[in-house]
Amino acid sequence: EVQLVESGGGLVQPGGSLRLSCAASGFTFSDHFMDWVRQAPGKGLEWVGRTRNKANSYTTEYAASVKGRFTISRDDSKNSLYLQMNSLKTEDTAVYYCARVSSGSYSFDSWGQGTLVTVSS
Amino acid sequence: DIQMTQSPSSLSASVGDRVTITCRASQGISSSLAWFQQRPGKAPKSLIYAASSLQSGVPSKFSGSGSGTDFTLTISSLQPEDFATYYCQQYSSYPLTFGGGTKVEIK
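Reference entry: report on the structure contained in this document. What you see is a predicted model; the values in this text were computed from it and never measured.

Conventions adopted
- Residues numbered from 1 in each chain as written.
- Chains lettered and ligands numbered in written order.
- Predicted model: local features only at pLDDT ≥ 70, side-chain atom pairs only at ≥ 80, totals over all residues.
- Heavy atoms only, no water.
- Helix = DSSP H or I, 4+ residues; strand = E, 2+ residues; numbered from the N terminus.
- Buried < 20%, exposed > 50% of the residue type's maximum accessible area, 1.4 Å probe, protein only.
- Contact = heavy atoms within 4.5 Å.
- Lys, Arg positive; Asp, Glu negative; His and termini not counted.
- Charge placed at Lys NZ, Arg CZ, Asp CG, Glu CD.
- Buried area = accessible area lost by both parts, 1.4 Å probe.
- Salt bridge = Lys/Arg side-chain N within 4 Å of Asp/Glu carboxyl O.
- Polar contact = N/O pair within 3.5 Å; in protein donor to acceptor, adjacent residues only side chain to side chain.
- Nonpolar A, V, L, I, M, F, W, Y, C, P; charged D, E, K, R; others polar.

The next thing to look at is the overall build of chain B. A count of helical and extended segments in chain B gives zero helices and eleven strands. When its helices and strands are written in sequence order, chain B yields β-β-β-β-β-β-β-β-β-β-β. Across its three principal axes, chain B shows a C-alpha extent of roughly 35 × 25 × 25 Å. In chain B, which comprises 107 residues, the proportion classed as buried is 47%. Of the contacts formed within chain B by residues at least 6 apart in sequence, a portion of 56% connects residues at least 24 apart. Across chain B, the mean location of the 8 positive side-chain charges is 5 Å away from that of the 6 negative side-chain charges.

Here it is, written out as structure tokens:
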């Protein structure tokens, strides 16, 4: 069974940093692209970014709203995905989900339960 | 960026009703369209990919259609567990973008 478990959320002041983790199990993590998606309180879903797999040189893509502030990385030896968030703003307050990208269709096929990040003074 | 517009933003329906939600892309995306269900307080669940293909384990009461710019999600017979918010998403080009959501409520 595919499992994605996010951790690392919490309260941080504006301008601060936080690192989220997503622990994967039940599948060959190294084969898949992996994404982060967020959802502000009471709002819709917003794509944050993607890391491709080793075969695609671990290249990344980002939403304009986070580019230059957020960095997505992965450690295939630990079956883990990361989101390093710097220069946080109040508008980054959201539940952050990791999502697995299907190798066949390139759509999301599994999601984690999410971790809440609150940016507030 | 490709804008995804869902309609309606909310609807009220009864158990057993057939419900259709539409999603329009601001430019052609071929069949690179997915649908997700999100129950209150829960993570999204993937329902459909490639506009009309069901994810593994998703009941056949859900169906999707369309290509290019216009897409639909149909739920053939609403059950209590189907009352949720539904989102479409294009994955044709970056940035990936979602529709604003359609909240399906009990009448």
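Picking up after the structure, the text goes on.
Contacts between the two partners involve 21 residues from chain A and, on the opposite side, 15 residues from chain B. Buried area between chain A and chain B, both sides added, is near 1400 Å², and the carbon and sulfur share of it is 64%. The interface formed by chain A and chain B includes zero salt bridges. Along the contact surface separating chain A from chain B lie eight residue pairs in polar contact (both at pLDDT 80 or more). Looking at the side of chain A that touches chain B, the elements with two or more residues in it are β4 (34-39), β5 (45-51) and β10 (108-111) of chain A. Its residues assigned to classes, the side of chain A that touches chain B shows seven nonpolar, seven polar and seven charged.

Take the environment of Ala13(B) next. All names here are of chain B. Note that Ala-13 resides in strand β2 (residues 10-13). Considering only alpha carbons, one finds Ala-13 and Leu-78, 65 residues apart in sequence, at a separation of 7.9 Å. Excluding its chain neighbours within four sequence positions, the residues that come into contact with Ala-13 are Val-19, Leu-78, Phe-83, Glu-105, Ile-106 and Lys-107.

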